[in-house]
Amino acid sequence: MAQGDYIEESIKRNGRRLDHEERKRKRTARDAHKQSAQAQTLHGHKAKLLHARRYAEKVAMKKTIKAHEERDVKAKDATAMPEGALPTYLLDREGQNDAKALSSAVKQKRKEKAGKFAVPLPKVRGIAEDEMFKVVKTGKTKRKGWKRMVTKATFVGEDFTRKPPKLERFIRPTALRFKKANVTHPELKATFQLPILGVKKNPQSPMYTQLGVMTKGTVIEVNVSELGLVTTGGKVVWGKYAQITNNPELDGCVNTILLV
């Protein structure tokens, strides 16, 4: 193993911290403030180099935005001109480069993405960490406070095995674990109780997604094989996504709407 590969090796073996994504997001959010402070404090040659680099970045960004905003912009393109003689009816046409193709392609992709992730509850209330976790004091004198008990509804897989108590940081109480959800089909106007396959995305934090915490607005995957849904190719649909519309820890059940 190379001398500098021990970090990658450790990540492969043990994975990353549970809050790695959150820390990465915060670091990215702080970058703008850091660059601003740096631009205000640097002097001399270093300041010139920094401003030259920032200027080049802004120019590139503006060019990209302009290319996306162009509509029906037709410009002459010398490479588009065919070689050799042209028939009479094509003489009045010039080689044109239509920028609408790029703009429409980008817009189409955005529409598809928006349609794919359109959910019944686009916005949910943020949940503070104090509300999500309860500090569990441990040790002989109850002075250590590194353990957390999850106070919200959770989902754990069939083959889940708890870690030894001395190593378990996040405790998910058995009373708040759910295996089935009430799924309402928006087109059929009917509700079915279906098994939960997993937690796809919790809007509160990636860490809660990893822990399987289910709060209002969370997208989960449910087993819809009992409904007999089939694809256009004739294959049976196994799992589909559904969004939670209630507070499971208060109601004692998981109510969801199927995303079709």
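Quick note: structure is the one above.
For clarity, every value in this text was computed on a predicted model and none was experimentally measured.

Parameters at a glance
Residues numbered from 1 in each chain as written. Predicted model: local features only at pLDDT ≥ 70, side-chain atom pairs only at ≥ 80, totals over all residues. Heavy atoms only, no water. Pairing = 2+ DSSP bridges. Helix = DSSP H or I, 4+ residues; strand = E, 2+ residues; numbered from the N terminus. Salt bridge = Lys/Arg side-chain N within 4 Å of Asp/Glu carboxyl O. Buried < 20%, exposed > 50% of the residue type's maximum accessible area, 1.4 Å probe, protein only. Axes fitted to C-alpha atoms, helices over the stretch in contact; angles between N-to-C directions. Expected span 1.5 Å × (residues − 1). Bend = angle between axes of the 7 residues up to and from the residue. Core = buried A, V, L, I, M, F, W, Y, C linked by side-chain atoms within 4.5 Å.

Caption draft 1: Summary view of the pairing of strand β4 (residues 144-150). Here strand β3 (residues 133-138) runs beside β4; their pairing, made up of five bridges, is antiparallel. Paired with phenylalanine 133 across the two strands is valine 150, which belongs to β4. Sheet topology places β4 next to strand β6 (residues 170-171); two bridges connect them, and they run parallel. Bridging from a neighbouring strand, methionine 149 pairs with isoleucine 171 of β6.

Caption draft 2: A look at the pattern of salt bridges. All told, the structure shown has seven salt bridges when counted by the stated rule. Ionic pairing is found between glutamate 131 and arginine 125, a salt bridge with its closest N-O pair at 3.3 Å. What makes glutamate 131 partly exposed here is its relative accessible area of 34%. Each member of the salt-bridge network shares a partner with another, and the members are Arg125, Glu131, Lys152 and Glu249.

Caption draft 3: Structural detail: the sheet that holds strand β12 (residues 255-258). Spatially, five strands are ordered β7-β8-β10-β11-β12 in a closed barrel, and the strand pairing comes out mixed. Neighbouring strand axes in the sheet, compared pairwise and without regard to direction, differ in orientation by 50° on average. Sheet analysis places strand β8 (residues 190-201) next to strand β10 (residues 219-223), joined by four bridges and oriented antiparallel. For lysine 201, the partnering residue across the bridge sits in β10 and is valine 219.

Caption draft 4: Examining the pairing of β12 more closely. Alternating residues of β12 divide into Thr256 and Leu258, all buried, and Asn255 and Ile257, none buried. The sheet contact formed by strand β7 (residues 180-185) and β12 spans three bridges and is parallel. Bridging across to β12, asparagine 182 finds its partner in asparagine 255. With three bridges joining them, strand β11 (residues 239-244) and β12 adopt antiparallel strand pairing. Its bridge partner being in β12, isoleucine 244 is matched across the sheet by threonine 256.

Caption draft 5: Local environment of helix α2 (residues 20-41). In a regular helix each residue adds 1.5 Å, so 22 residues correspond to 32 Å; α2 covers 30 Å between its end C-alpha atoms and thus fits that length. Of all bends in α2, the biggest is about 30°, found at aspartate 31.

Caption draft 6: Broad picture of the sheet that holds β6. Judged by pairing direction, the sheet is mixed, and its three strands sit side by side in the order β3-β4-β6 without closing on themselves. Only two strands of the sheet have a single partner each, and these edge strands are β3 and β6.

Caption draft 7: A look at the nonpolar core. Among the nonpolar cores identified, the biggest contains 17 residues, and Met214, Ile220, Val222 and Val254 are the most heavily contacted of them. Elements with a minimum of two residues in this core: β7, β8, β10 and β11. Counting residues per element, this core draws most heavily on β8, which supplies three residues.

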